[in-house]
Amino acid sequence: MQLEFDSVSFYQVEEEDDHSDLALEAAKMKHKVCQAQKALADCILEHHMVLLDLYRHRVEAANTHLLTANLNVGRMHVEREKIGIATFVGSSSLGGAA
């Protein structure tokens, strides 16, 4: 009878070891999933940083174009004043001159 008790005890220990091994394996896999999630988050962050830099360059280019357009408008006003052409603003001024 003692022999049967020991064999049952042995199987219980072996079964607990199997459960421990499975729990350890599950924990390792969870760790790998967390590492993959972190790597993905890092890639998404880097992607957003690159997009931010791209948009920043686009804003700088747009500001440069706006400044150029403003300077051209100012230059046109100065040129018109030099040669004596009146500048009309809006359609109401045109209607009153006719």
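The coordinates are above.
The next point concerns the overall build of the protein. The number of helices and strands found in the protein is two helices and zero strands. Looking at the protein residue by residue over its 98 residues, the buried ones come to 0%. If you sum the accessible surface of the protein, you get close to 9,000 Å²; carbon and sulfur atoms cover 64% of it.

Bringing a negative patch on the surface into the picture now. A contiguous patch of negative charge on the surface is contributed by Glu-16, Asp-17, Asp-18, Asp-21 and Glu-25. Along the polypeptide, Asp-21 turns up in helix H1 (residues 2-83).

Looking now at the pattern of salt bridges. This model, assessed by the stated rule, comprises three salt bridges. Between Arg-56 and Asp-53 there is a salt bridge, and its shortest N-O distance comes to 3.8 Å. With Arg-56 and Asp-53 both in helix H1 and three residues apart, this pair spans about one turn of that helix. The partner of Glu-79 in a salt bridge is Lys-82, and the shortest N-O contact between them spans 3.9 Å. Residue Glu-79 and its partner Lys-82 are both found in helix H1; the two are separated by three residues, about one turn of the helix.

To continue, consider a nonpolar patch on the surface. On the surface, Leu-45, Met-49 and Leu-52 cluster together into a nonpolar patch covering about 300 Å² of accessible area. Structurally, the position occupied by Leu-45 is in helix H1.

Procedures and definitions
- Chains are numbered independently. Their residues run from 1 in the order of the written sequence.
- For a predicted model such as this one, the threshold for reporting local features is a pLDDT of at least 70, and the threshold for listing and counting side-chain atom pairs is 80 or more; totals across whole chains, interfaces and linings nevertheless cover every residue.
- In computing side-chain properties, one takes all heavy atoms of the structure into account and sets aside hydrogens as well as water.
- Secondary structure elements are taken from DSSP: a helix is a run of H or I of four residues or more, a strand is a run of E of two residues or more, and numbering for both begins at the N terminus.
- Think of it in three bands: with a 1.4 Å probe and only protein chains considered, a residue is buried below 20% of the maximum accessible area for its type, exposed above 50%, and partly exposed in between.
- For the accessible areas, the method is Shrake-Rupley and the probe is 1.4 Å, while residue cover comes only from the protein chains on display.
- Residues qualify for a patch when their relative accessible area is over 30% and they have no salt bridge, like charges being joined within 9 Å and the nonpolar side chains of Val, Leu, Ile, Met, Phe, Trp and Tyr within 5 Å.
- For this analysis, a salt bridge means a side-chain nitrogen from Lys or Arg found within 4 Å of a carboxyl oxygen belonging to Asp or Glu.
- In this tally, Lys and Arg are treated as positive and Asp and Glu as negative; His is ignored, and so are the chain termini.
- We put the charge of a Lys on NZ, of an Arg on CZ, of an Asp on CG and of a Glu on CD.

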